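Coordinate analysis (summary)
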Amino acid sequence: MTAAATKRLHDDQCDGEDNVLFDRELEDLPQELRWREWMGRIEAVLFASASPVGRDDLARVVGQGASVETLIDDIQADLRAKPYEIVPVAGGWMFRTRSHYATAIRTAADVGEQSHNFSEEEMGVLCAVAYHQPIDRAGLADIFGKEINRDLLSRLRYKGLIGNGPKSPRPGAPHTFVTTTEFLATFDLRSLRDLPDLQINEQLETGVL
Amino acid sequence: MTYQLTVIPIDRSSLPKLPAWVTSTRAETPEYMAFLSGASFAILDTLLCQSNDAVPMTLLANTLALRAAVATSKLEGRMATEADIRDAYYLTPPGDDGIRHRGPDGEVLDYWRNTVHLRLGHADWMRAIADTIHERFEDAVETWLKTAVDRSRSEGPLAAATRIMRDVLEADDRAERVACLLSDVVLARFFGWEHPLPLTALHLSKSNLRDLKEGTGEPAVHRAIMQSAQKTYRLATTLAARAEALRAITPKLRTRGSEDAVALFLREDAVAPSSMLAPTIRGTTTSMTARAARRFCDRLVELGVARELTGRSTFRLYGIAS
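What you see is a predicted model, and the numbers here were worked out from it, not measured in a lab.

Our next topic: the overall build of chain A. Helix and strand content of chain A: ten helices and five strands. Within chain A, counting contacts between residues at least 6 apart in sequence, those at least 24 apart form 45% of the total.

Written out as structure tokens, the structure reads:
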């Protein structure tokens with residue numbers, strides 16, 4: 001027996017420790033337990049992650065062909081009575097406390113502004129989109145006096161805060177950007193009218209009327 | 001022996017005009033107002049309940065949805081024009097996730113187009129309406145609707161409509177569109193219409209709603225709703241004539257699939273040839289090339305039955321309604 005083969009045999013015996021031999025299929029378990037274990041794994045992964053986890057990553061810890069959605073539905077069913085839930089965010093899932101408990105959390109602990117790691121420029125572009133939507137890249141360039149980096153826009157789109165809106169009716173049909181419902185949720189706005197500036201407009205307008 | 005059903009003989013191209021005394025704007029007493037709005041709704045209801053297809057109902061509903069969207073945008077302080085709203089709605093392709101991100105201007109039209117398809121005929125209609133409305137009102141919607149329906153039987157539809165608007169605005173003074181929708185639902189239920197028609201929003205102003213919330217604005221809102229009923233009557237007769245004109249020239253259209261395309265024009269107030277006629281005509285499996293679609297639309301304009309709505313040379317939209 002070669003050294004390599006010995007090593008492989010050794011690894012086979014100690015399960016779980018090593019990623020390479022991580023047992024996804026769990027074939028030695030009865031079906032019921034196997035499903036439970038998969039649910040547990042997904043829940044654990046989501047619990048351990050501060051950011052949304054995509055389907056591909058979750059699929060890696062469960063059996064081939066097991067539906068991540070169905071597993072998550074089953075976990076959701078278990079969580080029904082809990083003050084937290086799994087929510088689909090930006091193409092993945094994450095744990096979130098139910099909004100009903102927001103005041104309780106704020107009262108008990110000063111949970112400061114969640115850091116979304118926005119750069120100043122990202123924040124600026126996001127604001128421009130929020131106030132001037134639908135707006136295309138040319139429109140953003142007019143506001144900022146320079147071309148806006150496509151990567152920056154992609155990052156905002158990846159975070160689920162903006163989406164591709166209507167096409168601009170001009171040559172090349174560039175798509176515009178609009179904010180998403182996720183944007184509203186992130187900044188705790190009920191609608192775009194809660195954006196500060198629009199309120200000022202409203203006051204001005206009622207003043208004139 | 002068979003009998004032919006009696007249908008009110010109605011010359012499609014010349015539906016009766018509103019009598020001048022109905023449109024009198026000098027109504028200053030509540031009694032006179034009530035009299036005129038009763039007359040306006042009676043004549044509108046008679047027209048809408050015609051069993052022949054003189055009035056293209058879907059086209060009417062969609063046209064009203066666009067107008068309500070413009071009115072709602074004004075009430076919400078966004079001031080989007082008809083053109084802004086149409087562009088946002090019709091030029092948004094589905095995103096990667098299959099969802100269309102239409103933005104605020106497209107969404108408001110989507111809202112009204114969905115509401116005109118709500119069904120009021122079935123047993124569970126209140127629940128269905130409550131479900132379509134933003135979750136923030138939860139069970140209140142059903143309670144409001146129940147009260148309003150009872151009230152409409154004893155106090156009349158307009159009093160019930162304004163009452164439910166007040167209920168909504170007291171709960172959330174930024175829910176103008178919900179207030180208008182529920183008022184439309186109460187009216188439609190009272191008249192026995194199958195779907196709500198967006199009438200309430202059309203002539204409202206912000207100050208109307210503010211006064212209504214403070215309990216002084218009822219007469220003004222009643223007047224606005226009456227004006228909408230009259231406008232809708234005129235719109236319905238105009239659309240009937242336009243539809244008749246389109247049907248009359250249909251034999252002249254030689255394009256393959258032109259019948260389905262004409263049917264689409266009889267339903268939709270705006271048609272984007274590149275996405276709604278090509279590659280297949282919406283709602284059918286009939287295929288049409290983009291070029292054929294463009295030529296078909298231009299032909300309709302040439303024949304004087306449709307109009308190009310945007311004034312652009314590209315990304316055009318065509319319709320028979322405006």
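Our next topic: the nonpolar core. By size, the foremost hydrophobic cluster in this structure holds 102 residues, and its most contacted members are F41(B), W112(B), L145(B), L182(B), F265(B) and L277(B). Among the elements that make up this core, the one with the highest residue count is helix α10 (residues 218-249) of chain B (twelve residues). Beyond its immediate stretch of four places on either side in the chain, F265(B) contacts L59(B), L246(B), V271(B), L277(B), F296(B), C297(B), L300(B), Y318(B), G319(B) and I320(B). Counting 19 residues, the second largest nonpolar core, distinct from the first, contains A130(A), L156(A), F183(A) and L192(A).

Residue and element names in this part refer to chain B. When pLDDT is averaged along chain B, the result is 88, and 94% of the positions lie at 70 or above. Contacts from residues 1-12, a stretch scored under 50 in pLDDT, to residues over four places away or in other chains number nine contacts. Confidence estimates for the predicted assembly give a pTM of 0.74 and an ipTM of 0.80.

Because an α-helix packs 3.6 residues into every turn, residues spaced three or four apart end up facing the same way. All names here are of chain A. Taking 1.5 Å of rise per residue, the twelve residues of helix α4 (residues 68-79) would be expected to cover 16 Å, and the 16 Å separating its terminal C-alpha atoms lies within 8% of that figure. Taken as a whole, α4 has its buried residues at V68, L71, I72, I75 and L79. Buried residues of α4, seen end-on, are gathered within an arc of 95 degrees and therefore sit on one face of the element.

Quoted interface sizes are often the accessible area lost when the parts come together. Taken residue by residue, the interface counts 23 residues in chain B and 21 residues in chain A. When residues of chain B are sorted by the area they lose upon contact with chain A, H101(B), R174(B) and F315(B) head the list and together hold 34% of the total. Put simply, chain B and chain A have two salt bridges between them. Salt-bridge contacts for E176(B) lead to R193(A); the nearest nitrogen and oxygen are separated by 2.8 Å.

Turning our eyes to something else, we now look at the confidence of the model for chain A. Taken residue by residue, chain A gives an average pLDDT of 78. The fraction at 70 or more is 79%. Predicted confidence for residues 202-209 of chain A stays below pLDDT 50, and this span has seven contacts to residues more than four positions away or in other chains.

This part takes up the packing of aromatic side chains. All names here are of chain A. On inspection of all chains with the given rule, the structure shows eleven aromatic pairs over all chains. Taking 5.8 Å as the distance between ring centres and 70 degrees as the angle between the ring planes, the aromatic pair formed by Y84 and F95 counts as edge-to-face. Residue Y84 is found in strand β2 (residues 84-89), and its partner F95 is found in strand β3 (residues 92-97); the two are separated by eleven residues along the sequence. Residue classification places Y84 among the partly exposed residues on the basis of a relative accessible area of 31%.

A few words on the layout of surface pockets. Residues and elements named next belong to chain B. The computed volume of the second largest pocket comes to approximately 540 Å³. Along its surface, the second largest pocket is lined by 26 residues, and Y90, L91, A272, S274 and S275 are the ones closest to its centre. The element best represented in the lining of the second largest pocket is helix α12 (residues 273-277), accounting for four residues. Considering only residue class, the lining of the second largest pocket consists of twelve nonpolar, five polar and nine charged.

Residues and elements named next belong to chain B. At a closest axis distance of 9 Å, the pairing of helix α5 (residues 125-132) and helix α6 (residues 140-155) adopts a crossing angle of 135 degrees. What the angle tells us is that α5 and α6 run oblique. In this structure, α5 meets α6 at a crossing whose hand is right-handed. On the side of α5, the interface is formed by W125, M126, R127, I129 and A130, while α6 contributes V141, E142, L145, K146 and V149.

Let us now look at the side chain of E176(B). Within the fold, E176(B) resides in helix α8 (residues 176-191). Non-local contacts of E176(B), meaning those with residues more than four positions away in its chain, are made with R193(A), L75(B), E76(B), L169(B) and L209(B).

Let's shift gears to a nonpolar patch on the surface. Side chains of W21(B), Y32(B) and F35(B) sit close together on the surface and give an oily, nonpolar patch of about 340 Å² of accessible area. By the secondary structure assignment, W21(B) is in the segment before α1 (30-48).

Helix-helix packing: each pair is described by the crossing angle between the helix axes and the interaxial distance. Residue and element names in this part refer to chain B. Close contact between helix α2 (residues 57-75) and helix α3 (residues 82-90) brings their axes to 9 Å; oriented N to C, the two are set at 115 degrees. What the angle tells us is that α2 and α3 run roughly perpendicular. Read as a crossing pair, α2 and α3 show a hand that is right-handed. Taken together, the residues of α3 that come into contact with α2 (itself represented by L66, A69, V70 and S73) are E82, I85 and R86.

All names here are of chain B. Note on placement: R166 falls in helix α7 (residues 157-171). Residues R166 and D97 lie 69 residues apart in sequence; the distance between their C-alpha atoms is 38 Å. Apart from residues no more than four positions distant in its own chain, R166 is found in contact with L212, K213 and G215.

Another aspect to go through is the environment of T63(B). Residues and elements named next belong to chain B. As for its placement among the helices and strands, T63 is situated in helix α2. T63 sits in the buried class, given a relative accessible area of 6%. The sequence separation of T63 and E28 amounts to 35 residues, and the corresponding C-alpha distance is 31 Å. Every residue in contact with T63, bar those within four places of it in the chain, is listed here: L235, L239, D269 and A321.

Conventions adopted
- Residues numbered from 1 in each chain as written.
- Chains lettered and ligands numbered in written order.
- Predicted model: local features only at pLDDT ≥ 70, side-chain atom pairs only at ≥ 80, totals over all residues.
- Heavy atoms only, no water.
- Helix = DSSP H or I, 4+ residues; strand = E, 2+ residues; numbered from the N terminus.
- Contact = heavy atoms within 4.5 Å.
- Core = buried A, V, L, I, M, F, W, Y, C linked by side-chain atoms within 4.5 Å.
- Buried < 20%, exposed > 50% of the residue type's maximum accessible area, 1.4 Å probe, protein only.
- pLDDT = per-residue confidence, 0-100.
- Expected span 1.5 Å × (residues − 1).
- Arc of directions from axis to C-beta.
- Buried area = accessible area lost by both parts, 1.4 Å probe.
- Salt bridge = Lys/Arg side-chain N within 4 Å of Asp/Glu carboxyl O.
- Phe/Tyr/Trp six-rings, centres within 6.5 Å; stacked < 30°, edge-to-face > 60°.
- 1 Å grid on protein atoms, 1.4 Å probe; cavity = no way out; pocket = protein on both sides within 12 Å on 5 of 7 lines; lining within 4 Å.
- Points joined across faces, edges and corners; volume = space filled by probe spheres on them.
- Nonpolar A, V, L, I, M, F, W, Y, C, P; charged D, E, K, R; others polar.
- Axes fitted to C-alpha atoms, helices over the stretch in contact; angles between N-to-C directions.
- Parallel < 35°, antiparallel > 145°, perpendicular 65-115°, else oblique.
- Left-handed = near helix turned anticlockwise from the far one by under 90°.
- Patch = residues over 30% accessible without salt bridge, like charges linked within 9 Å, V, L, I, M, F, W, Y side chains within 5 Å.
- Areas by Shrake-Rupley, 256 points an atom, 1.4 Å probe, with all protein chains shown as cover.

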